[in-house]
Amino acid sequence: MRTSWMVTVGQRLLEALPTLFGIILVTFVLTRSLPGDPAVYFAGPAADAQSIAETRASMGLDQPLPVQFGRYVQNLAQGDWGVSHNTGRPVIEELGRRLPASLELTLLGLLLSMAAAIPLGVLAATRPNSLVDHACRVVVTAGVSMPVFFTGLLLVYVFYYQLGWAPSPLGRLSFMYIEPPKVTGLYLVDSLLAGDFEVFRAALGQIALPAITLALFAMAPIARMTRAAMLGVLGSDYIRTAKASGLAPHTVLFTYALRNALLPVLTTLGMVFSFLLGANVLVEKVFSWPGIGSFAIEALVASDYAAVQGFVLSMALLFVSLNLIIDLLYTLIDPRAGGEAT
Amino acid sequence: MERRKFLKGAALAAGSAGVLPFLKYIPAAEASSRNAVLVVCVGSGPNSMDIHRVGSNRESYQISVNLYDRLVTHGRRELEDGTFAYDSTVLEPELAESWEFAEDGMSVDFKLRKDATFWDGKPVTAHDVKWSFDRAVGIGGFPTVQMRAGSLEKPEQFIVVDDHTFRIEFLRKSKLTMPDLAVPIPIIINSEVAKQHATDSDPWAAEYLHRTPAGGGAFKLGGWQSGEQVVYERFDDWKSGPLPEVRRVVIREVPSASTRRALVERGDVDVSLDLPPRDAADMAAAGRVRVASVPVENTVHGLGLNMNFEPFRDKRVRQAIAYAIPYQQIFEAAAYEQGLPLYGADSFDPSSIDWPQPFPYNTDYDKSRELLAEAGYADGFQVPLSMSLGLAQWMEPTCLLIQEGLNRIGIRTSIDKIPGANWRSRSLVEKELDLHLTHFGGWLNYPEYYFFWQYVHGHLFNSMNYKNEEIEALVDETLHMEVDHPDYEPKLKRMIEIAMDEVPMIPIWQPSLDVAMQQNIEGYEHWFHRQLDCRTLTKA
Amino acid sequence: MNAVATLRHTRYVLGENPLTVVAFSLFALIVTVAIFGPWIAPYDPIASSASRLQPPSWDHWFGTDHLGRDVFSRVIVATRLDLFIAVSAVALSFVVGSILGCLAGFFGGWTDRIISRCIDTIMAFPLFVLAMGIVAVLGNSVENIIYATAIINLPFYARVARAEISVRRKAGFAAAAKVAGNSDLRVLSMHLYPNILPQMMVQLSLNMGWAILNAAGLSFIGLGVVPPTPEWGIMVAEGAEYIVSGQWWLVFFPGAALMLAVFCFNMMGDGLRDLIDPRRRT
């Protein structure tokens, strides 16, 4: 059992390689076809033709595309992700600094969302078409119907500007606190590890509004998938049998039904996560959150090739590993799906 | 634990505990020095600590202004509303305590302050100045172009006479040379530190100075997280001017304009920059915070007509368009009446050499249709109207209103929003946009300097591809000419007269630089480089 | 006979789920407004006027914006464009996505590997950023927004279809159909595909809303529909900057329209699911 599981892991890792290559290629092509000449942008406001040419040469943009691509892949293989022209720092350093910020926000958003949405979904499925069901539906739909930047601004307006409950939306930590010693890069976790509750509280205060913004947005797919899956499972023959055989409704619901219903929910979670990372871009912009999303927007606007590529590549790595985990969990929960690769 | 305590101590900071909610935890006893910290929020921050670096953004200029010294600076003058602004006509000592021109007027000797040191305690010498100037003219890109504008082109021009005497030999006599020494480019860098980090492939230590400033300005770098914040700490041994009263400046990036407004209105920050005109106008009217609003000298927001587009070659078409722009509506809806209108003058004959000055056009659709019919375009034509996405705040409403106005005379436009990165290359370098908004501002406050960049064919800001030999000859003759020369004024008037009559660029308004600050902030000074000079700010 | 049964079933489902009735009526309203919008609107949606930033009044039900344009007229006229973007983008990704997903799930092996790798490649991009990139490369236009939205939605259908088909392909009824002499394609399209439709429908209904929200997000960073064309997303994005200064109506009304539309799509998806779900029909 264990060895076959290891084989599956290895196989999935190998299968991820072409995806990664595809990503590198697609990103390279996409970034190079971005309109705008980065050399002109970076040469500054009063540059002339000569200084633009100098800039272009110093950025290596005067080489033919295949040469640029070859050099890029070669550098990647050596762990060199290039230098962001926009910030002048190695891309890997920028990402290392910003990725935890985005991850912390996204994960907290996802957790909050799951904590609210899965119970709502189950609740709705156990009493389909009741008032409760309709209320659940209205709540989650309201969340997903509002653009995140709008929700974010609204929350800032109400909780910061009007009520004064939330701290000013100035990033991860207001400037009088120093960041906790870096272990995971997630301030909430690190501050707890350091036993520093004051910083924890401050970080929590900062992250609350953006995380709620994201959570509101992500509730709908999770709740709806939970509800749909639960309904499907609850209507199935084996649940009817279980019920008929006199098992307690509680046992039926959680041991049999929910376990099976989690399957499609799990598939959805992967998508929701990727979806949230995208929505993050807008939320980060509203809350001045120093994550990779805002980094990517700036890089895209400035045609900062190395930064855009690095951003996408790190996302890809993240996503491929996430997918792998989901796939493996999937095989654990549903033995039917496991055998297909053999 | 220890580190946080330190920070709290250092940040003791930070401003009145009552006003700034960040500071809830500051003990009351330590709050005595609360006026020593200034909190500023900006739309975007610097991407480099080195203004000479390729790709340094406009926001990086603030580093040059606050962390480095130049040889000279400008005096200040008080405007009618009590706001201070730099005085382009007066040069004052900064690192140089005095200067003297040679008898033939072809060189100038600067006497450097003998007590001035860099942050590391090393005295500032003429060698540092020479190295820094050599770097500015040799590193290429924007710094080199800007130095050239002041006829500062070759390292041979910069001579170390002795440790505290630095000479510049002129290539030509030009009135632009001295003011060009007060722009953010010719900063004095600690050359010994820089040289230690220079390599064969990087002789100017660009890699090092990009992250680590090495200067002797009024502030040192306290910390920089790109994309988040910059912190300045006062350099207590600064000698090149009155020691700043604030000990520490925290500059936070807040991309959302409405959040920036909320922060300053709520009293969470002391100064808020990058305000959209509407917010500036609203806050000025509400009166809770002080809004300093100063028209930016030598700057025009206008509409460029590209000569490559057939109909625009006809002067009558250009004038027809100038008569079809709903100026007043634009000034109200896009500029919120911040700045100065550049339309509605009485005469095509300029009465002064002020620049920019109102052009003799106003909204007159009948006249416009008449001119268009005369030119043979009675039925109008179709043309894209381009704007930059990065400047959508004012460009979008402007474009929409222009579109509406032109529609009334039969010119149909489609609005083309161009992402910030492409805007420069397409409008200024390729010069391929037929009808587009322009927003050039010249650092050196001379009309002919403006004309040099925007009205001379082939020059960067001539996005209209406009060519007029008379203007070019006039620019050539006046660019380096002293302003008290008897020919100067008539030539300038002629130049402006041509621009008014030919209108390759239709001025709409002169924008203002708006800065919102708490009532207890004093000493704000408006600068042509549009950066916040933290050295003069005080907090009561 | 069959038609009568379907009708009866429809009435039963609708009777049981009042929200579905609301959703369908709302949808009818939206479609009506989309078709007749330009005739309903009291003002020219792109004409500026001197009455700027006026709060809602009898003359301007939804107030006026920063250029003095009537918000009510803009919200009404925008309906057609928003509906068009959502429907075309979702239809495109639904069709392409379910074909790819079914093929991958049914045939497995290399077909699955290649399709899955392509889907993974798309999914490995944060979707909104990919949409940004596509529109940035192709340029701002309605078609490009549709393509970008369709591409980023495609994996959702493909993956749901693949997962559902791969679980079901070995089920008894599929095997029976196969044994009965049906071709693979026939088993897939006639026997398996209808089985996964409910799951796909849930996805579809959600995606209609997402498609509009995606366009709104693109507008927020300035990559949306070209002005002065009224579009809900742009209106919310533009209005967002006015919340702090108290001009709430600029955001509220287009936002409400946006929310109503997304609401409507969601509720309808649910209703459709109930209608189509074969298990409920028995």
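Residues numbered from 1 in each chain as written. Chains lettered and ligands numbered in written order. Predicted model: local features only at pLDDT ≥ 70, side-chain atom pairs only at ≥ 80, totals over all residues. Heavy atoms only, no water.

Novice: What's the story with the sheet that holds strand S14 (residues 340-341) of chain B in this structure? I'm lost.
Specialist: By way of backbone hydrogen bonds, the strands of a sheet pair with one another, either parallel or antiparallel. Residue and element names in this part refer to chain B. Ordered by their spatial adjacency, six strands build an open sheet running S14-S18-S13-S17-S15-S16, and the pairing between neighbours is mixed. Bordering the open sheet on either side are S14 and strand S16 (412-418), each of which pairs with just one other strand. Bridge count between strand S13 (residues 301-305) and strand S17 (residues 435-438): four bridges; the pairing is antiparallel. Opposite glycine 304, over in S17, you have histidine 436 as the bridge partner. (Pairing = 2+ DSSP bridges. Helix = DSSP H or I, 4+ residues; strand = E, 2+ residues; numbered from the N terminus.)

Novice: Can you walk me through the packing of helix H7 (residues 148-162) of chain A against helix H9 (residues 197-234) of chain A in this structure?
Specialist: Describing two packed helices takes the angle between their axes plus the distance from one axis to the other. All names here are of chain A. The N-to-C vectors of H7 and H9 enclose an angle of 140 degrees; their axes lie 9 Å apart at closest approach. Taken together, H7 and H9 sit at an angle that is classed as oblique. Handedness of the crossing formed by H7 with H9: right-handed. Here H7 contributes Val148, Thr151, Gly152, Leu155, Val156 and Phe159 to the contact with H9, which in turn contributes Leu209, Ile212, Thr213, Leu216 and Phe217. Per-class residue counts for the contact of H7 with H9 are eight nonpolar, three polar and no charged. (Axes fitted to C-alpha atoms, helices over the stretch in contact; angles between N-to-C directions. Parallel < 35°, antiparallel > 145°, perpendicular 65-115°, else oblique. Left-handed = near helix turned anticlockwise from the far one by under 90°. Contact = heavy atoms within 4.5 Å. Nonpolar A, V, L, I, M, F, W, Y, C, P; charged D, E, K, R; others polar.)

Novice: Sorry if this is basic, but what is going on with the packing of aromatic side chains here?
Specialist: Here the distance between the centres and the angle between the planes together describe a pair of aromatic rings. All names here are of chain B. Under the defined criterion, the tally for this structure stands at 45 aromatic pairs over all chains. On the numbers, 5.6 Å between centres and 80 degrees between planes, the contact of tyrosine 61 with tryptophan 443 is edge-to-face. Remark: tryptophan 443 occurs in the loop between S17 and helix H15 (447-454) and tyrosine 61 occurs in helix H2 (residues 61-67); sequence separation between them is 382 residues. The same class applies to tyrosine 61 and to tryptophan 443, which are both buried. (Phe/Tyr/Trp six-rings, centres within 6.5 Å; stacked < 30°, edge-to-face > 60°. Buried < 20%, exposed > 50% of the residue type's maximum accessible area, 1.4 Å probe, protein only.)

Novice: I keep staring at the side chain of lysine 175 of chain B and nothing clicks. Help me out?
Specialist: Counting through the fold element by element, lysine 175 of chain B comes out in the loop between strand S7 (165-169) and helix H5 (177-180). Of the polar contacts made by the side chain of lysine 175 of chain B, one reaches the backbone oxygen of leucine 479 of chain B; its length is 3.0 Å. (Polar contact = N/O pair within 3.5 Å; in protein donor to acceptor, adjacent residues only side chain to side chain.)

Novice: Where do I start with empty space enclosed by the protein in this structure?
Specialist: Any empty space left between the atoms is revealed when a probe the size of a water molecule rolls over them. This model, assessed by the stated rule, comprises 16 cavities of 30 Å³ or more. Roughly 240 Å³ of internal volume is contained in the second largest cavity. Together, 17 residues line the second largest cavity, and Phe217 and Phe275 of chain A together with Phe128, Leu213 and Asn214 of chain C are the ones closest to its centre. When contributions to the lining of the second largest cavity are tallied by element, the ones reaching two or more residues are H7 and helix H11 (249-287) of chain A together with helix H5 (127-138), helix H6 (142-168) and helix H8 (184-220) of chain C. Within the lining of the second largest cavity, the residues separate by chemical class into 13 nonpolar, four polar and no charged. (1 Å grid on protein atoms, 1.4 Å probe; cavity = no way out; pocket = protein on both sides within 12 Å on 5 of 7 lines; lining within 4 Å. Points joined across faces, edges and corners; volume = space filled by probe spheres on them.)

Novice: Sorry, what's going on with the packing of H15 of chain B against helix H16 (residues 469-478) of chain B here?
Specialist: Residue and element names in this part refer to chain B. Taken N-terminus to C-terminus, the directions of H15 and H16 make an angle of 135 degrees; their axes are 9 Å apart at the nearest point. The orientation of H15 relative to H16 falls into the category oblique. Helix-helix and strand crossings are classified by hand; for H15 and H16 the assignment is left-handed. Judged by residue contacts, Glu448, Phe451 and Phe452 of H15 engage Ile471, Val475 and Thr478 from H16. Looking at the contact of H15 with H16 residue by residue, the classes come out as four nonpolar, one polar and one charged.

Novice: Explanation requested: the pattern of salt bridges in the structure shown.
Specialist: It is possible for side chains bearing opposite charge to pair when their charged atoms get close. Residues and elements named next belong to chain A. What the rule picks out here adds up to 44 salt bridges over all chains. Here glutamate 94 makes a salt bridge to arginine 97, at a shortest N to O gap of 3.3 Å. Of this pair, glutamate 94 and arginine 97 both sit in helix H5 (residues 91-126), separated by three residues, roughly a single helical turn. Residue class for arginine 97 comes out partly exposed when judged on its relative accessible area of 27%. When the shortest N-O distance is used, the salt bridge between glutamate 94 and arginine 98 registers 3.4 Å. With glutamate 94 and arginine 98 both in helix H5 and four residues apart, the pair spans about one turn of that helix. (Salt bridge = Lys/Arg side-chain N within 4 Å of Asp/Glu carboxyl O.)

Novice: Any chance you could explain the interface of chain B and chain C here in plain terms?
Specialist: Interfaces are often described in size by the accessible area the parts lose on coming together. Contacts between the two partners involve 21 residues from chain B, matched on the other side by 22 residues from chain C. Between chain B and chain C, a total of about 1,700 Å² is buried, with carbon and sulfur atoms accounting for 53% of that surface. Interface area lost by chain B to chain C is led by Arg278, Leu400 and Lys417 of chain B, which between them contribute 28%. At the junction of chain B with chain C, the criterion picks out one salt bridge. The salt bridge partner of arginine 52 of chain C is glutamate 332 of chain B, with a shortest N-O separation of 2.4 Å. Counting across the interface, chain B meets chain C through three residue pairs in polar contact (both at pLDDT 80 or more). Elements supplying a minimum of two residues to the side of chain B that touches chain C: helix H8 (257-265), helix H9 (277-286), helix H11 (327-333), helix H13 (392-408) and S16 of chain B. (Buried area = accessible area lost by both parts, 1.4 Å probe.)

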